[in-house]
Structure formats: structure tokens, C-alpha cells
Amino acid sequence: MGAATVAASSSRSSMAVLAILLVAASFLAAATAASPVPAIYVLGDSLADVGNNNHLPTLLRADFPHNGIDYPGKKATGRFSNGKNSVDFLADNLGLASPPPYLALSSSSANYVNGVNFASGGAGVSNDTNKGQCIVFDKQIDYFSSVSASLSQSLGQTQAAAHLSKSLFAITIGSNDIIHYAKSSSAGDSPQPFVDALIQTLTAQLQRLYDLGARKLLFLGTGPVGCCPSLRELSATKDCSAIANDASVRYNAAAASLLAGMATRHPDMSYALFDSSAALLQFINQPAKYGFAEAKAACCGLGDMNAKIGCTPLSFYCSNRTSHIFWDFYHPTETTARMLTSTAFDGSAPLIFPINIRQLSAL
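Residues numbered from 1 in each chain as written. Predicted model: local features only at pLDDT ≥ 70, side-chain atom pairs only at ≥ 80, totals over all residues. Heavy atoms only, no water.

Novice: Pulling in residues and values, what's your account of the overall build of the chain?
Specialist: Helix and strand content of the chain: eleven helices and ten strands. Over its C-alpha trace the chain gives a radius of gyration of 23 Å, about what one expects of a compact globule, namely 21 Å for 363 residues. Once the C-alpha set of the chain is aligned to its principal axes, its extents read approximately 95 × 50 × 40 Å. A total of 363 residues make up the chain; the buried ones form 51% of that total. Considering only contacts within the chain whose residues lie at least 6 apart along the sequence, 72% involve residues at least 24 apart. Accessible surface for the chain amounts to roughly 15,800 Å². Of this, 59% is attributable to carbon and sulfur atoms. Averaged over its 23 positive side-chain charges, the chain has a centre that lies 7 Å from the centre of its 23 negative ones. (Helix = DSSP H or I, 4+ residues; strand = E, 2+ residues; numbered from the N terminus. Rg over C-alpha atoms; globule rule 2.2 N^0.38 Å. Buried < 20%, exposed > 50% of the residue type's maximum accessible area, 1.4 Å probe, protein only. Contact = heavy atoms within 4.5 Å. Areas by Shrake-Rupley, 256 points an atom, 1.4 Å probe, with all protein chains shown as cover. Lys, Arg positive; Asp, Glu negative; His and termini not counted. Charge placed at Lys NZ, Arg CZ, Asp CG, Glu CD.)

Listed below in C-alpha cells is the structure:
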């Protein structure tokens, strides 16, 4: 009798353990299905900054109203937006939390395995772009190098390398370089020498990221920066800056060649490039088709086209942010960012190539 009781109890215990294991396995399978990549590591400028500049002594900040007016809790987080930015929507689409800003993490408590955002408002490919006001791109890569070393120490070198090879590296850089160039160049100047110099620098930067373990690269090309309210406002006719837009098209084309060359040299590397310029120009050229009522003026700001002064607590802001393409004199609204990310995630060539984000993530 006692032996039977013990056997039954043992059987029940085994079944309970098996049930727990099955539940754990199902949760793991669901998490894997929801998150094709284990983490996102983000580098770039204000289009991707989620609060790094809050921790810098800089004027290039967005941790004050009316920024964040549509963010959960109506909170200004340091995002240069009325709500979420492209990185937030990228994470949403991948079933992940938006990676936290690197400067908000203490090295003792940081969980780098879940992803980190190094992006900093004002950053450019060139370290001279807004130098002293942001985390320059090379410094962002330095920070990632530290994170990579920390992961190797905590996970072991082999497991850390495997983790990084499956993770997505989202990069958006170059807009600030082009804006500075456009403001200082003259009509008739060819932007090709300027673009060539940028690409030479970017080549070494992306190679360094590869050397540090990046294998899945998402490169978000520069948008038609000549059409941002700040540059339009400089024109007597309020037209887009042809110089800036030309530079952006050339830069994106050169970045595409750079990435294709890297993929040829490194067969274990995959990439997707989003032509933000072509994608956003569709909205700007046919706003009503995409649900927008205002394609030129900023929603939040002061002066002509709300583009003389940026979005501050003293600025005016539009009541219907979903009808505007631009939030402030440089940055898109949450609605624009969501729509662009959706196109990059599930779209096709020529806007996102050679594969889209969903396909890149699934590799």
C-alpha cells in the first residue's frame, strides 16, 4: 500500500514537472515566434534617439513639452517627436521592448542582452557634425564595443557572438551632415565630393561594427532633408532645397553600393536598406493620398511655417498631429514614423531592398 502511494506520488510529481516543462517550452516558442531577433542595437541621430541627449550638456534636447504630447503618459522622454519614433515602431513590429538609451544604463545593472540604443540627436557620419553637442557616431561605436565586451564576459565569447549575429543593428545616420552641407554650399556646387568623403568614413565605421559582431544591418537611409520645414523656410518660394535632396539621393545610392560590397566580402552578413528619401517624398508629393493635410509646415514651432524656432514649451502646436508630416522643423510626426516603418518592415524594392525588415529578421 505504501509503495503504491509512493509510486503514485512519484508519478504525479513527474507529470507536474513535465507539465511545467511543456508550459515553459510553449512560452519560449511563443516568444521566439513573436521575436525573430533577440535584441535590437540602435545607432544614429535624433530620428532614433530615445533619451541619450537628456544626459548631455547640450542644446540638442527634446526632454521638454510639447515633445511627447502623444507619447504614453503624455511624457517628454527625449524623443524628437510628438510620440513614438521609428525605433519604437520597429521594436513593436518585432515584439520587443524599445531598447533603452545607453547613457541611462548603469554598467552595474545594465542588461545589454535585451538591446541598447546609442543614437544621439545631432550626430552625423562626420565627427565634426555638431561636435560637443552629441554622441558622435564613432563614440557610439566605442560604446557598443564596450557593450560587446561586457556581453562576452557575461555570456561567454561564443554565446555572445551568436547572440549578436542574430540581433538586428538599426542605423540611421547622415541627415545632419547633409543639412550642414546644404546650409553652407552654393547653388551649382556638386555634392559628389562631399558624399564621397562621407561614404569613405562610413565604410570604416560599418566595417568596425561588423568586426564587433554585427551581422544583420538595417540601414535607414536619409530622407529628403531638403523638404524639412527648416530648409524650406530658407527659400523665398518655400520649395524644397534641391542641393540637400540631391545630396541625400547620392548618399543613399552610395550607401547601397557600400552595403552590397560588404555583403559580398562577408557572406555571413545580411542587410536591408530603406530608401527613406523616396518613401517620404511619396507622402510629401501626394499628401492627401496618404491621409495628410499638411506636407510643408511643422506642427510645433514658431514663425513662418513653424520653422523659425523649434518645438519648445512656448511654441504653438497643431491640434491634429496625424494630419501633419512634420512634427517640428526637422523631424517627422509619430504618424509619419509609423507609416515609414511599416513600409520598411513589409515593403519591397525599390523602397526597401534587397529584402525587407521582416525577411532580414527571419534569417
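Anyway, onward from the coordinates.
Novice: Describe the nonpolar core, listing the residues and the values that go with them.
Specialist: Counting residues in each nonpolar core, the largest one holds 86 residues, and the members touching the most others are Y41, L202 and Y251. For this core, the element with the most residues is helix α8 (residues 242-265), which contributes nine residues. Counting six residues, the second largest nonpolar core, distinct from the first, contains C300, C311, C318 and W327. (Core = buried A, V, L, I, M, F, W, Y, C linked by side-chain atoms within 4.5 Å.)

Novice: Got a sec to walk through the layout of surface pockets? Specific residues and values, please.
Specialist: Taken as a whole, the largest pocket holds about 910 Å³ of empty space. Lining the largest pocket are 50 residues, with S46, L47, Y330, H331 and P332 sitting closest to its centre. The greatest single-element share of the lining of the largest pocket, amounting to five residues, is contributed by helix α5 (residues 175-184). For the lining of the largest pocket, a count of residues per class yields 25 nonpolar, 20 polar and five charged. (1 Å grid on protein atoms, 1.4 Å probe; cavity = no way out; pocket = protein on both sides within 12 Å on 5 of 7 lines; lining within 4 Å. Points joined across faces, edges and corners; volume = space filled by probe spheres on them. Nonpolar A, V, L, I, M, F, W, Y, C, P; charged D, E, K, R; others polar.)

Novice: Can you tell me about helix α9 (residues 276-285), naming the residues and giving the values?
Specialist: Buried residues of α9: S276, S277, A279, L280, F283 and I284, and no others. For α9, the arc enclosing every buried residue in end-on projection is 165 degrees, short of the 170-degree limit, so these residues lie on one face. (Arc of directions from axis to C-beta.)

Novice: Report on the packing of helix α3 (residues 137-155) against helix α4 (residues 157-166), specifying residues and quantitative values.
Specialist: In the contact formed by α3 and α4, the axes pass within 6 Å of each other and the chain directions differ by 130 degrees. Relative to α4, the element α3 is oriented oblique. Regarding α3 and α4, the two cross each other, and that crossing is right-handed. Listed contacts from α4 to F144, S148, L151, S152 and L155 of α3 are Q157, Q159, A160, H163 and L164. Counted by class, the contact of α3 with α4 contains five nonpolar, five polar and no charged residues. (Axes fitted to C-alpha atoms, helices over the stretch in contact; angles between N-to-C directions. Parallel < 35°, antiparallel > 145°, perpendicular 65-115°, else oblique. Left-handed = near helix turned anticlockwise from the far one by under 90°.)

Novice: Describe the pairing of strand β3 (residues 168-172), listing the residues and the values that go with them.
Specialist: Among the five residues that make up β3, five are buried, leaving the element largely enclosed by the rest of the structure. Neither face of β3 is left uncovered, since the one carrying L168, A170 and T172 and the one carrying F169 and I171 both have all their residues buried. Note that strand β1 (residues 40-44) and β3 share five bridges and pair parallel. Each residue of the ladder has a partner; that of Y41, found in β3, is F169. Where β3 meets strand β4 (residues 216-220), four bridges bridge the pair, whose relative direction is parallel. Note that in β4 the partner of F169 across the bridge is L217. (Pairing = 2+ DSSP bridges.)

Keep in mind these numbers describe shape, not what the thing actually does.
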